[in-house]
Amino acid sequence: MDYRFQPRGVCSQEIQLSLDENGVITACRFIGGCSGNTQGVSRLVTGMKAGDAIAKLEGIRCGPRPTSCPDQLSKALKLALAEK
């Protein structure tokens, strides 16, 4: 399943995800944002179960912001799993 998410409160403009039938992340790509950080997060979560990634990323903040690109990824994953 392919999923696109519009993050809020962060520099990235879009998160593109693919999940397999078991809820494993097969692809993750951020459009915009801090390139090195978002590429690193994408590579780390690829191959991980979406639920495990949510548990690790949810609530991460970026400086004074109440959210971050990893936190927004957790939100995207929750929505993608709900649509599954």
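As the structure is a prediction and not an experimental result, all values here were calculated from the model.

Moving on, we get to the overall build of the chain. Per the secondary structure count, the chain includes three helices and three strands. Along the chain, helices (α) and strands (β) appear in the sequence β-β-β-α-α-α when read from the amino end. In terms of its C-alpha atoms, the chain occupies a principal-axis envelope of roughly 35 × 20 × 20 Å. A burial count over the chain gives 42% of its 84 residues as buried.

Taken together, the three strands give an open sheet; going across it, the order is β1-β2-β3, and neighbouring strands pair in antiparallel fashion. In this open sheet, the two strands that pair with only one neighbour each are β1 (2-5) and β3 (25-32). Within this sheet the neighbouring strands show an average axis-to-axis angle of 15°, counted without direction. With seven bridges joining them, strand β2 (residues 12-19) and β3 adopt antiparallel strand pairing. The residue bridging Glu14 from the neighbouring strand is Ile31, located in β3. Sitting on the sheet, helix α3 (residues 69-83) is in contact with β1, β2 and β3, with an inclination near 45° to β2.

This brings us to α3. The terminal C-alpha atoms of α3 lie 21 Å apart, and with 15 residues this matches the ideal 21 Å at 1.5 Å per residue to within 8%. Where α3 is buried, its residues touch β1, β2, β3, α1 (35-45) and α2 (50-57). One side-chain oxygen of the residue at the start of α3 lies 3.1 Å from the amide nitrogen of Asp71, identifying that residue as Ser68.

With seven of eight residues buried, β2 is to be regarded as a mostly interior element. Relative to β2, β1 runs antiparallel, the two being bridged by four bridges. Each residue of the ladder has a partner; that of Tyr3, found in β2, is Leu17. Counting the residues between successive antiparallel strands, the hairpin from β1 to β2 contains six residues, one of them, Gly9, with a positive phi of roughly 80°. Linking β2 to β3, which pair antiparallel, is a turn of five residues; within it Gly23 sits at a positive phi near 80°.

Rules used in this analysis
Residues numbered from 1 in each chain as written. Predicted model: local features only at pLDDT ≥ 70, side-chain atom pairs only at ≥ 80, totals over all residues. Heavy atoms only, no water. Helix = DSSP H or I, 4+ residues; strand = E, 2+ residues; numbered from the N terminus. Buried < 20%, exposed > 50% of the residue type's maximum accessible area, 1.4 Å probe, protein only. Pairing = 2+ DSSP bridges. Axes fitted to C-alpha atoms, helices over the stretch in contact; angles between N-to-C directions. Contact = heavy atoms within 4.5 Å. Expected span 1.5 Å × (residues − 1). Polar contact = N/O pair within 3.5 Å; in protein donor to acceptor, adjacent residues only side chain to side chain.

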